[in-house]
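One letter stands for each residue in the lines below.
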Amino acid sequence: MGRLDGKVAVVTGGALGIGAAACRRMAEEGAAVAVTDVKDAEGEALAREISEAGGTARYWHLDVADEGEVERVYREVAEAFGKLNVVVANAGIAGANKPTDEITLEEWQEVMSVNVTGVFLCTKHAIGHLRRAGGGSIINLSSIYGLVSAPDIPPYHASKGAVRLMSKTDALLYATEGIRVNSVHPGYIWTPLVADLGARSGFSEEAFKKELGSRHPVNHVGEPDDIAWAIVYLASDEAKFVTGVELVVDGGYTAR
Ligand code: NAP
């Protein structure tokens, strides 16, 4: 018996990194998974890998900043799999790394359109489907940087703080309808997003990884499955009394 048997889940930004791990682990636990992303080749390959391993998955192209696409893809997923129970709003970008006074309005808006507007649209268009399913679980990817800050990537930190409170507002709004909304707050997880930050840092990959790891009391960075298991928990009925929480998975980063 899988922990997610009978559930249908959509994952945004599901082709790579944390999203891909969430797709794999949720499918293993019995969910039918809609892998969605803007990286079509990687997304198609992941859906194929899951299907070949005996799971249920299909890929859809979905840019979370495009309202029409969000509405259409959710509708197609619900038609293909019969319903929608779980939404993992995972797509996110790091954006420009400069002091605030050097960030252009375009750079600010680019991050907000994916990390904040994307989460808003993914909730807005999920609610009707989740109501029809008798409830459901929305899982929004925030960050340690939705709880504390750091002197870099200003639009990113602002966006992740917004996701934290958007999740709590929606948890309160929809609690009586059996729709749970929670945010997940990873420490540094080694994914293409973080590898790209490393490439932009001027350090070697090994030195960058070591330095990032040293910021965590456990003295290493995390891996995508560390977050995927938190997502499986929040998606499952094991978490039926859990809404409006910040699930922090950070190797102790925010404990000090
Ligand atoms: P990732 O490796 O960059 O994977 C994210 C995926 O989302 C990529 O395939 C990316 O495509 C895609 N994407 C970008 N913009 C999109 C859009 N508008 N619509 C749909 N998909 C889009 O990222 P990750 O590290 O797994 O992070 C996943 C989430 O966790 C993000 O919200 C991130 O902020 C959060 N998070 C990550 C860490 C970490 O240390 N990795 C820590 C805390 C929070 P492109 O490659 O083309 O952009």
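Note that the structure is a prediction, hence the values are computed from the model and not measured.

## Regarding the overall build of the chain
Consideration 1: A count of helical and extended segments in the chain gives 10 helices and 7 strands.
Consideration 2: What you see for the chain is a C-alpha radius of gyration of 17 Å, in line with the 18 Å of a compact globule of 256 residues.
Consideration 3: With 256 residues in all, the chain has 52% of them scored as buried.
Consideration 4: Just so you have it, the chain exposes about 11400 Å², and 53% of that area is on carbon and sulfur atoms.

## Let's talk about a nonpolar patch on the surface
Consideration 1: A cluster of nonpolar residues, L147, V148 and V248, forms a patch on the protein surface that exposes about 180 Å² of accessible area.
Consideration 2: Assignment of secondary structure puts V148 in the loop between strand 5 (136–141) and helix 7 (154–174).
Consideration 3: Residue class for V148 comes out partly exposed when judged on its relative accessible area of 35%.

## Thoughts on the side chain of H129
Consideration 1: Relative to the assigned elements, H129 resides in helix 6 (residues 127–132).
Consideration 2: Residues within four places of H129 in sequence aside, it is in contact with Y74, R75, A78 and L84.

## Comments concerning the site of the ligand
Consideration 1: Among the 28 residues in the neighbourhood of the ligand, the closest are listed as K39, N90, Y156, I189 and T191.
Consideration 2: In the model, an oxygen atom of the ligand is placed 2.8 Å from a nitrogen or oxygen of the I18 main chain.
Consideration 3: At a separation of 2.7 Å, an oxygen atom of the ligand approaches a polar backbone atom of I189.
Consideration 4: When the ligand is considered free in solution it has 880 Å² of accessible area, and contact with the protein chains removes 89% of it.
Consideration 5: Judged by the fraction of its atoms near the pocket grid, the ligand is located in the largest pocket.
Consideration 6: Secondary structure elements with two or more residues in the shell around the ligand: helix 1 (17–28), helix 7 and helix 8 (192–201).

About the cut-offs
Residues numbered from 1 in each chain as written. Predicted model: local features only at pLDDT ≥ 70, side-chain atom pairs only at ≥ 80, totals over all residues. Heavy atoms only, no water. Helix = DSSP H or I, 4+ residues; strand = E, 2+ residues; numbered from the N terminus. Rg over C-alpha atoms; globule rule 2.2 N^0.38 Å. Buried < 20%, exposed > 50% of the residue type's maximum accessible area, 1.4 Å probe, protein only. Areas by Shrake-Rupley, 256 points an atom, 1.4 Å probe, with all protein chains shown as cover. Patch = residues over 30% accessible without salt bridge, like charges linked within 9 Å, V, L, I, M, F, W, Y side chains within 5 Å. Salt bridge = Lys/Arg side-chain N within 4 Å of Asp/Glu carboxyl O. Contact = heavy atoms within 4.5 Å. Near = heavy atom within 4 Å. Polar contact = N/O pair within 3.5 Å; in protein donor to acceptor, adjacent residues only side chain to side chain. 1 Å grid on protein atoms, 1.4 Å probe; cavity = no way out; pocket = protein on both sides within 12 Å on 5 of 7 lines; lining within 4 Å. Sits in = over half its atoms within 2 Å of the grid points.

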